[in-house]
Structures are given as structure tokens and as C-alpha cells.
Amino acid sequence: MKKLVFILVLSFWAVSACDNFLAETPKDEISVDQLLKTPEGAKGLINGLYRDGQGASFYNSGGFGGADVMMGGYMSGYFDNEGKGERIQGQVAQDLQVGPEVLNQFFDGWWSGHYDVISRANTALKYIPDMQGMGEGEKNQLLAEARFFRALNYFALVKSFGDVPLVTEPVEGLEGIEVERTSTDSVYNQIVADLNWAIDQGALGEGPFPMNGFRITKGAAQTLLADVYLQMSGYPLQADNYANAADAARSVIEAGNHQLVEHGSLPDRSAYNKLRTSDNDMEYVYGIEYNAEIDANDNPRITIPGVVRPTGINYGRTLNAYRPIDAFTWMYNPDEDLRIQNQQLFYHSFEHGGQSYEFGEWAPYLWFEEDAIFETGRGGRDIRVYRYAEVLLIAAEAIVRSEGVTSEAISYLADVRSRAYWQTDRSTIEASLAVLSEQEFVEEVWKERLRELALNFKIWSDIQRTRQYPVPSEDNPGEVRFMNVVGQSNNWGQTYQEHQLLYPLPDDEIQTNPNLEQNPGY
């Protein structure tokens, strides 16, 4: 915990904005008084929250281990990493051997990065209200952003580790630093309180994320809140917050600020290729902003398997770090679902310079950037954490759980499915959903989450909250059954046990803080 203390006390970095891009530029370690002496210092502190914790350091694949967020995909057994021989976390996850010593460095960096952001948010929340030279509206906007990021990071921690220390005040000395773990429900209550404050009092923008200067919007906070309520309704809490999740998602839908990207000419200008090539659309709710000149996205380099070396490639080495195994592709009906066609969400071949390249496997296409791969070596596209498609799927599941299979819920699920099943009449899709029982309908939502959000890293959170493991059919692709995850094989010959649905606390934290107890089973 002493490492966490140093983060809490010392890591208040000055941050600057460049051309409306929220890039972190560390200047030096400075005192809180210096940092928050001016409105510019306060804004710099908030800007830094966009890059760390659940920001770029969590989502960007900077090495052969893949991004931290990909760990859930590896744990699910449905995604592989070609670089796992050099970075062990992928292999260890597939073997279900994620012990506190084996992955201590990995989890400790994860833990520390999230608490770093929480520390900065706590500092902002303490000092900004009394700051001179700043209007109340501007203060409330910054305070709402601080609460959003505190909530986002605690949400990641509580899903990953269960009970975690809940720190809501700046730690400005060494007294009382060995904090005990706080119950999961109390952590969730704080997350909900932060998000409700941000929504109700935060003076946040109303439009889509990119149209709001890539700053947190009211819709982004409502989307995160809907996701939180949905997760709370499942395991381990099993608190019935489906109605609250439905209300939060409805707030986003009814505001009318977001919509699904529509297809252009297929296949090159499909909605999925538009999402791949542009960061400015109304489906974009919240994500990690990149700029090739300032802070590049490294994910393009992990879209080409290392066994293929196209002429003119500008990366010294490439690899398929988030490869969907064949069993995952069976989740899709290849005759009906555009998303599993080549060069949509995924791809298995492409042409460049008049030459065709066949991979013999699937790779993520959503992160493929031709300019980065063949010219600059620096990706510039954003990573989307939340899209409007997910809002619709949250609403569909939450409404059915709280109100039954209504026409509204059917409509939201059909919105997402009909875009993917582009050759199927929408009325046919709606009719097939209308005859389902509540549980059958919910399972259709789960299937759609697997398919639509495959590269938004939701699969492990869904397994955690539902305790259900998806099992597709090789003989009938698109057919998926859900089995109790405990006792189920993970496709790599390993069987899940109850304790593996949470990660172990980092061993360094256990060793330095006597008030922390390890999760059972580790």
C-alpha cells in the first residue's frame, strides 16, 4: 500500500491541452498548492484524467502483451495473443493461473494506475469548489468530469477485484494510509452517487462526445450509470437495479443526441467501416482520444499477424494480439451477419500494392489504419469505450428484466440486429423476438452483446455478472447456448472455479498493507 500512498500524495502532474486534444504533458512533480493556484492548473489536472487509469494506458496496446483491457478477453478463453510467449499474461489467463505472485507486476500497475486517477479526482473535488477566478458553471463542469473519472476507475476496480479500498478524500500525509477494503456494495453506492451528481449538477455538454470537444457529456455519464446499474443487478450483488438501468439508458435514447451509424455502399462503406475510419459521428458516446502527431494509438500494429509481412509495412514488428479463436467466430451466422464478413469487425485477408495476403486466421479490422501501417507507424483513430449500440442493448435487457418483453425493448434490440442482418427485413427480426419468453429474450441480448461489442471488451464483465458462459455451435454458427461458468471449460482445456471470477489483489499491495486481505482462492 506504500506504493499507493506515494501515488496518492505525490503524483499530481501538470497537464496541458494542445489543439483541443487532451494529451498529458508531465512537467514535474509539484505541490497541490502550486497546481491548483490558477484555473489553468485545475483544468490541466482534469485534462490528465482523460489519459490515465481507464484511459490510454489501460486501452492502448503498447507492447506484445496487448492492452490491459484485453485481459478479460484472454480470461474468457475466446481471444488469443500471438505475443503471449514474450508477455505471459495472455498465456497465464488462458491457463487460469492468474495468481498474485505470477502477475504481481501486471496487476500492481493496473491497481496503481486506477488509484492514481482517483487521487487526482479527489484533489480536484476538494480544491476546485473554492478556487477564485472561475465561474460556477465551469467549476461544476470540471467537478462533474472528476466525478465521472473517479466513478469509471472505481467501477473497473470493483469489477476486477471485488472489495477495494474506498478513498474519497485527498491523502495529504502518511497518517491513516493503510486503508482496509470496502464492501462491494458501498463502492458501488459511491459510484452511483458520483454519476448522479455529474448528471444532475455537472453542467455537462448535451451532444455526442466528439461534438463536445471530446469532453465528457451528460450522455456519457448516463451511459456509464446504466452500465453500472446493469452490472449491480447481476453477480455478485444481485441487486435489482434493472429499472434504474432502463431509466438511465432511456435518458440517453430519449435525448435524441445519439444514433447508430448507417450503412453506405457495402461492403467498404458499411457502418462498421465508417466506425473504423472516422471519429466524428453520433454513435460515439465516450472513448480514448488519440492524435497521430501528439499521442499515437499503437493498436494498428496488432491488426496484422506476425506470419504475414506485407511489402512497405512501417512497423518493425506486427502481431495479432487480440485474435478471436475460431470458436468465437461461431457466435455469428456467416450467411446473415455482416459483422463476420471479411473486413468488417474482423478480417482474414486483404490486398495491398497489388498483392493479396491471406492470414489463415481472423484479426481485428476495427483498429486497422492503412496510413499508420504503411506510412507513419502512428495510429490516430480513437478507441471507443461506449457506443450508442451498447446503450440500446442495455436498455433492451433492463426493460425486459423490469417490465417484460415490451415493444420498446424489441425495438431497441432490433435496431442493433437489423443493422448487422442487413439482408433480413426488420419486421421479420421483430416478429422473431416478440414470441420469446423473458429469459429467451435476455439471452438474445447477451448474444448480440457478444457479437456487436466484440472489440469493446465486454465479454468478461458479462460473464462475471451473469455467471453464464457462452457456448457456440460449430455445426450451426450463430447458435449460442449459455452454461454455468463454474465448471465450464474455457476452450483451452481449463475449468473455471468460482474464485477465478475475480482477480487477485497484487502481491505487493498485500505485503505492504497489513489491512488488506487477499481474495479467497488465491
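Conventions adopted
- Residues numbered from 1 in each chain as written.
- Predicted model: local features only at pLDDT ≥ 70, side-chain atom pairs only at ≥ 80, totals over all residues.
- Heavy atoms only, no water.
- Helix = DSSP H or I, 4+ residues; strand = E, 2+ residues; numbered from the N terminus.
- Rg over C-alpha atoms; globule rule 2.2 N^0.38 Å.
- Buried < 20%, exposed > 50% of the residue type's maximum accessible area, 1.4 Å probe, protein only.
- Contact = heavy atoms within 4.5 Å.
- Areas by Shrake-Rupley, 256 points an atom, 1.4 Å probe, with all protein chains shown as cover.
- Core = buried A, V, L, I, M, F, W, Y, C linked by side-chain atoms within 4.5 Å.
- Polar contact = N/O pair within 3.5 Å; in protein donor to acceptor, adjacent residues only side chain to side chain.
- Axes fitted to C-alpha atoms, helices over the stretch in contact; angles between N-to-C directions.
- Left-handed = near helix turned anticlockwise from the far one by under 90°.
- Nonpolar A, V, L, I, M, F, W, Y, C, P; charged D, E, K, R; others polar.
- Expected span 1.5 Å × (residues − 1).
- Parallel < 35°, antiparallel > 145°, perpendicular 65-115°, else oblique.

A. Seen up close, the overall build of the chain. Looking only at helices and strands, the chain has 20 helices and eight strands in total. Its C-alpha atoms give the chain a radius of gyration of 22 Å, near enough to 24 Å, the size a compact globule of 522 residues would have. Burial analysis of the chain (522 residues in total) assigns 61% to the buried set. Across the chain, the fraction of contacts at a sequence separation of at least 24, relative to all contacts at a separation of at least 6, is 67%. When the accessible area of the chain is evaluated, it comes to approximately 19,300 Å², of which 44% is carbon and sulfur surface.

B. Fine view of the nonpolar core. The biggest cluster of nonpolar side chains holds 154 residues, and the ones touching the most others in it are Met 71, Phe 148, Ile 191 and Tyr 286. With 13 residues, the top contributor of residues to this core is helix H8 (residues 136-161). Leaving out residues up to four positions away in the same chain, Tyr 286 has contacts with Gln 54, Phe 148, Phe 149, Leu 152, Phe 209, Ile 216, Ala 220, Arg 384, Val 385 and Tyr 386. Counting 14 residues, the second largest nonpolar core, distinct from the first, contains Val 308, Tyr 315, Tyr 365 and Phe 368.

C. Here's a closer look at helix H3 (residues 39-49). A large share of H3 lies buried, amounting to nine of its 11 residues. By the burial criterion, the buried members of H3 are Pro 39, Gly 41, Ala 42, Gly 44, Leu 45, Ile 46, Asn 47, Gly 48 and Leu 49.

D. View of the side chain of Gln 94. Note that Gln 94 resides in helix H6 (residues 89-94). Classification of Gln 94 by relative accessible area gives buried; the value is 0%. Within the local environment of Gln 94, its side chain forms a polar contact with the side chain of Lys 84, the two groups lying 2.8 Å apart. Filtering out sequence-adjacent residues up to four positions away, Gln 94 remains in contact with Tyr 74, Phe 79, Asp 80, Asn 81, Lys 84, Asn 490, Trp 492 and Gln 494.

E. Fine view of the packing of helix H15 (residues 388-403) against helix H16 (residues 407-420). Interhelical geometry of H15 versus H16 gives an angle of 145 degrees and a closest axis separation of 8 Å. With respect to the hand of their crossing, H15 and H16 are arranged in left-handed fashion. Contacts between H15 and H16 pair Ala 389, Leu 392, Leu 393, Ala 395, Ala 396, Ile 399 and Val 400 from the former with Glu 408, Ala 409, Tyr 412, Leu 413, Asp 415, Val 416 and Arg 419 from the latter. Each residue belonging to the contact of H15 with H16 can be placed in one class, and the counts come to 11 nonpolar, no polar and three charged.

F. Just H8, in detail. Across its 26 residues, H8 extends 37 Å between first and last C-alpha, which sits within 8% of the 38 Å expected from 1.5 Å per residue. Among the 26 residues of H8, 21 are classified as buried, and the element is accordingly described as predominantly covered. Positive backbone phi, at 80 degrees, marks Gly 162, one or two positions downstream of H8.

G. Just unusual backbone geometry, in detail. With an omega of 0 degrees, the peptide bond between Tyr 235 and Pro 236 qualifies as cis. By secondary structure assignment, the location of Pro 236 is in the loop between helix H10 (218-233) and helix H11 (242-255). Pro 267 follows Leu 266 through a cis peptide bond whose omega is 5 degrees. Mapped onto the elements, Pro 267 comes out in the loop between H11 and helix H12 (271-277). Despite not being glycine, Leu 96 shows a phi value in the positive range, around 55 degrees. One non-glycine residue with positive phi stands out, namely Ala 203, at about 55 degrees. Here Ala 203 is to be found in the loop between helix H9 (184-201) and H10.

H. Spatial organisation of the side chain of Arg 323. Mapped onto the elements of the fold, Arg 323 is located in strand E3 (residues 323-324). Residues within four places of Arg 323 in sequence aside, it is in contact with Tyr 78, Phe 79, Asp 80, Glu 361 and Trp 362.

I. Summary view of the packing of H10 against H11. Taken N-terminus to C-terminus, the directions of H10 and H11 make an angle of 160 degrees; their axes are 8 Å apart at the nearest point. With respect to H11, the axis of H10 lies roughly antiparallel. Taken as a pair, H10 and H11 cross one another with a handedness that is left-handed. Between H10 and H11, the residues in contact are Gly 219, Gln 222, Thr 223, Leu 225, Ala 226, Tyr 229, Leu 230 and Ser 233 and Tyr 242, Asn 244, Ala 245, Ala 248, Ala 249, Ser 251 and Val 252, respectively. Each residue belonging to the contact of H10 with H11 can be placed in one class, and the counts come to nine nonpolar, six polar and no charged.

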